[in-house]
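# Examining the three-dimensional arrangement
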Amino acid sequence: MMKQVRGKRKGKQGSLFDIASTSAGTAAATGPDFALEEAAMKQHGGLVAGVDEVGRGPLAGPVVTAAVVLDPDAIPEGLNDSKKLSEAKREALFEAICSSAHVSVASASPRQIDRLNIRGATLWAMARALRGLSIPPAFALFDGRDVAPTSPCPGMHVIKGDSRSLSIAAASIVAKVTRDHLMMRMGRAFPGYGFETHMGYGTKAHLEALDRLGVTIHHRRSFRPIYERLGPDSA
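Read on for an overview of the structure. (Residues numbered from 1 in each chain as written. Predicted model: local features only at pLDDT ≥ 70, side-chain atom pairs only at ≥ 80, totals over all residues. Heavy atoms only, no water.)

### Looking at the overall build of the protein chain
In terms of helices and strands, the protein chain carries ten helices and five strands. Across the protein chain, the fraction of contacts at a sequence separation of at least 24, relative to all contacts at a separation of at least 6, is 66%. About 10700 Å² of surface is accessible on the protein chain, with carbon and sulfur atoms providing 54% of the total. (Helix = DSSP H or I, 4+ residues; strand = E, 2+ residues; numbered from the N terminus. Contact = heavy atoms within 4.5 Å. Areas by Shrake-Rupley, 256 points an atom, 1.4 Å probe, with all protein chains shown as cover.)

### Quick word on unusual backbone geometry
Notably, Lys160 is not glycine yet its phi reads approximately 55 degrees, a positive angle. You will see that Met199, though not glycine, has its phi angle at about 60 degrees, which is positive.

### Observations regarding the side chain of Asp52
On the secondary structure map, Asp52 appears in strand E1 (residues 48-54). At 6.0 Å, Lys83 is the nearest oppositely charged side chain to Asp52, a buried residue that forms no salt bridge. When residues no more than four places from it in sequence are discounted, the contact partners of Asp52 are Val64, Thr65, Ala66, Met126, Asp143, Asp162, Ile168, Ala171, Ser172 and Ala175. (Buried < 20%, exposed > 50% of the residue type's maximum accessible area, 1.4 Å probe, protein only. Lys, Arg positive; Asp, Glu negative; His and termini not counted. Salt bridge = Lys/Arg side-chain N within 4 Å of Asp/Glu carboxyl O.)

### Quick look at the sheet that holds E1
Taken together, five strands build an open sheet; the order of strands is E3-E2-E1-E4-E5 and the sheet is mixed. Of all the strands in the sheet, the pair left with one neighbour each is strand E3 (102-108) and strand E5 (155-158). In this sheet, adjacent strand axes meet at a mean angle of 20 degrees when their direction is disregarded. Note: strand E2 (residues 63-69) against E3, seven bridges, orientation antiparallel. Each residue of the ladder has a partner; that of Val64, found in E3, is Ser107. In the packing of helix H6 (residues 118-131) onto the sheet, contacts are made with E1, E2, E3 and strand E4 (139-143), and the angle to E3 comes to roughly 150 degrees. Its contacts with the sheet place helix H7 (residues 166-189) against E1, E2, E3, E4 and E5, and it is angled at close to 40 degrees to E1. (Pairing = 2+ DSSP bridges. Axes fitted to C-alpha atoms, helices over the stretch in contact; angles between N-to-C directions.)

Below is the structure:
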């Protein structure tokens, strides 16, 4: 059972918003810590979730979000922005996070992305991930520039949060590994597109496959390279 106490891994002391205003460049150079979480736990009197997404830019596949509440006394070593980690390291940390923390994952499908736009779909999925946690957090730290408007708890956005907050870093790893696995399965179901290698991003190989094989149900029809290939009657 996770305890609602301040952890042993200390970060910089100070108010939540004082810490959040620290230079992102300085934080990125030293790596993420638990300072924002400690300040939020003290200020809001409960557990804190980190929230991140993966897959805003691809032409295909869902955007995947994760919410993670770390146990302050059992934080896996090596947490960082998922983009800075090797695939093997991400996979190992994914297992460590899921076995030691409260984790929830939610996604928005290509159709939801087309209907809501990518920003709206991402924020919707972030709020859904928070609601899926087995215990309700008192506060949430959102990577990026937005707080999900339908979040079940108060929160704040943290620019470059996956390089500044251990909880957001953990969420970035969970979201990345989850989405990569989904895209690998998609690659097996739709051979020839290379989903398992480019993960849905608009690479040269992906665009060539679209021209050769056509658009699938997993492509985002509101994204320019897709709707240009479908023509004016696609909507």
